[in-house]
Amino acid sequence: MISEWIRQSNKTVIFTGAGMSTESGLPDFRSAKQGMWRDKDPTYYASTYALTHHRDPFIQFYRQRIKGLLKVKPHEGHTVLAEWEKKGWIDGIVTQNVDGLHQAAGSKRVAALHGSLRELVCMECQKTYPAQKYETDAGTMCVCGGFIRPKVVLFGENLPEQEVARAEALIDGVELLIVLGSSLQVSPANFFPVRAKEQGAKLVIINWEPTDFDAEADLVVNGEKIGAWLQQVHAELLIKNKPVG
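No experiment lies behind these values; they were computed from the predicted model shown.

So, the environment of Val 221: which residues are in play, and what are the values?
Position of Val 221 relative to the elements: it lies in strand S9 (residues 219-221). Distance from Val 221 to Leu 180, taken between C-alpha atoms, is 9.7 Å for residues 41 residues apart in sequence. The contact partners of Val 221, leaving out residues within four places of it in the chain, are Ile 205, Ile 206, Asn 207 and Trp 229.

Any details on the pattern of salt bridges? Residues and values, ideally.
Applying the stated criterion to the full structure yields 7 salt bridges. Across the pair Asp 137 and Arg 63 runs a salt bridge, and its minimum N-O distance is 3.0 Å. Residue Asp 137 is found in the loop between strand S5 (128-130) and strand S6 (148-152), and its partner Arg 63 is found in helix H5 (residues 55-69); the two are separated by 74 residues along the sequence. Asp 137 sits in the exposed class, given a relative accessible area of 64%. Two residues, Glu 163 and Arg 166, come together in a salt bridge whose shortest N-O distance is 3.4 Å. Of this pair, Glu 163 and Arg 166 both sit in helix H8 (residues 161-171), 3 residues apart, which is roughly one turn of the helix. By relative accessible area, Glu 163 is classed as buried at 15%. What makes Arg 166 partly exposed here is its relative accessible area of 35%.

With reference to specific residues and values, describe the pairing of strand S1 (residues 12-16).
Extensive coverage of S1 is indicated by the burial of 5 of its 5 residues. Neither face of S1 is left uncovered, since the one carrying Thr 12, Ile 14 and Thr 16 and the one carrying Val 13 and Phe 15 both have all their residues buried. Looking at chain direction, S1 and strand S7 (residues 176-180) are connected through 5 bridges and run parallel. Looking at the pairing, Phe 15 lines up with Val 179 of S7. One ladder, built from 4 bridges, connects S1 with strand S2 (residues 92-95); its direction is parallel.

How would you explain the UniProt feature "active site" (unreviewed entry) in the protein chain if you had to name every residue and give the values?
The feature "active site" (unreviewed entry), as given by UniProt, occupies His 114 in the numbering adopted here. Residue His 114 is classed as buried on the basis of its relative accessible area of 15%.

Which residues make up the sheet that holds strand S8 (residues 202-206), and what values go with them?
Taking strand neighbours across the sheet as the criterion, the 6 strands line up as S3-S2-S1-S7-S8-S9 in an open arrangement whose pairing is parallel. Every other strand in the sheet has two partners, leaving strand S3 (110-112) and S9 as the edge strands with one partner each. Each strand axis lies, on average, 15° off the axis of its neighbour in the sheet, ignoring direction. Sheet topology note: the S2/S3 ladder contains 3 bridges and is parallel. Residue pairing in the sheet places Thr 95 in a bridge with Ala 112 of S3. Against the sheet, H8 contacts S1, S2, S3 and S7, and its axis sits at roughly 135° relative to S3.

Describe the packing of H8 against helix H9 (residues 191-198), listing the residues and the values that go with them.
Viewed as axis vectors pointing N to C, H8 and H9 meet at an angle of 25°, and their least axial separation amounts to 10 Å. Put simply, H8 runs roughly parallel to H9. Crossing angle aside, the handedness with which H8 passes H9 is right-handed. Contacts between H8 and H9 involve Val 164, Ala 167, Glu 168 and Ile 171 from the former and Phe 192, Arg 195 and Ala 196 from the latter.

Give a detailed account of helix H6 (residues 76-87), specifying residues and quantitative values.
For H6, spanning 12 residues, the distance from its first C-alpha to its last is 16 Å, which sits close to the expected 16 Å at 1.5 Å a residue. With its phi angle positive at about 80°, Gly 88 sits one or two positions after the end of H6.

Describe the packing of aromatic side chains, and please don't skip the residues or the numbers.
One pass over the structure, following the stated rule, counts 6 aromatic pairs. Plain terms: the ring middles of Phe 58 and Tyr 62 are 5.0 Å apart, the flat faces sit at 55° to each other, and that makes the pair tilted. Taken as a pair, Phe 58 and Tyr 62 lie in helix H5 at a separation of 4 residues, close to a single helical turn. Neither residue differs from the other here; Phe 58 and Tyr 62 are each classed as buried. In textbook terms, an aromatic cluster arises when at least three aromatic residues are bridged by ring pairs, as seen for Tyr 44, Tyr 45, Tyr 49, Phe 58, Phe 61 and Tyr 62. A cation over a ring is seen here: Arg 55 above Phe 147, with NZ or CZ 4.0 Å from the ring centre.

About the cut-offs
- Sequence order as written defines the numbering, with residues in each chain counted from 1.
- pLDDT decides what is reported in this predicted model: residues at 70 or higher carry local features, side-chain atom pairs at 80 or more are listed and counted, and totals for whole chains, interfaces and linings draw on all residues regardless.
- The side-chain values count all of the structure's non-hydrogen atoms but skip hydrogen atoms and water molecules.
- Numbered from the N terminus, helices here are DSSP runs of H or I no shorter than four residues, and strands are runs of E no shorter than two.
- Whether two residues are in contact is decided by their heavy atoms, any of which lying within 4.5 Å being enough.
- We define a salt bridge as a side-chain nitrogen of Lys or Arg found within 4 Å of a carboxyl oxygen belonging to Asp or Glu.
- Relative accessible area decides the class of each residue, using a 1.4 Å probe on protein chains only: under 20% of the type maximum gives buried, over 50% gives exposed, and in between gives partly exposed.
- For two strands to pair, DSSP has to find at least two bridges joining them.
- UniProt positions are given in the numbering used here, feature names are shortened, and annotations may be inferred rather than shown by experiment.
- Working convention: axes come from line fits to C-alpha atoms, limited for helices to the stretch in contact. Angles between N-to-C directions cover 0 to 180 degrees.
- Oblique is the label for every angle not falling under 35 degrees (roughly parallel), over 145 degrees (roughly antiparallel), or within 65 to 115 degrees (roughly perpendicular).
- Two helices cross in a left-handed way if the nearer one is turned anticlockwise from the farther one by less than a right angle. They cross in a right-handed way if the turn is clockwise.
- To estimate the expected span of a helix, count its residues, drop one, and scale the result by 1.5 Å.
- Stacked, tilted and edge-to-face are the three classes assigned to paired rings of Phe, Tyr and Trp, where Trp is represented by its six-membered ring and a pair needs centres within 6.5 Å; plane angles under 30 degrees give stacked, over 60 edge-to-face, the rest tilted.
- Placement of a positive charge over a ring is assigned whenever Lys NZ or Arg CZ falls within 6 Å of the ring centre and within 35 degrees of the normal to the ring plane.

Encoded structure:
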């Protein structure tokens, strides 16, 4: 069914959430309560308030997240999506994830709604640095003397206008939206599936657990690994030999 929908669709977009990343071994943001964070609320340390008023634990929190990120690699599902883009089977990816695994796998047209943990930025001069710089205590100080922070959206900040515009352009006119590993609970990112349905698009939701949007979807798959599911669909597409474009 899904392979046929992809073949028939003139514009297909992927929407990914945390479940896409956990299969690479990256802990879910809200469930990654390990070590010193076991009894802490991660949403607090990922906030503008912590950035301003509790900078040391803010740094420690993101240093731990970056160290974890640098240990993981894209899984087979990321690779499949990059291949689909090359073949013209999908038009792009809208992601809530900040790990950059889609780009690492080779995907080019990615709207990263929450920024990227793979890049740091100076709050004073806007100079950017690779995430590895945060591994040392000196890595938080820019050459201009400003504080370097992860280039991600913190709680208390708006989504980056450029990425939102990129996502809106992808969703505009979409005929098939495939949601992978998102509970669709985070606003305003969960607006995009709603907009897709309003345009008459087919909506597919692949998530380990049910979501509040399942009743609106044309196909729902729960309890399956995303990577394996994508590989299966990929095999079907290769057999049917969908033409590029």
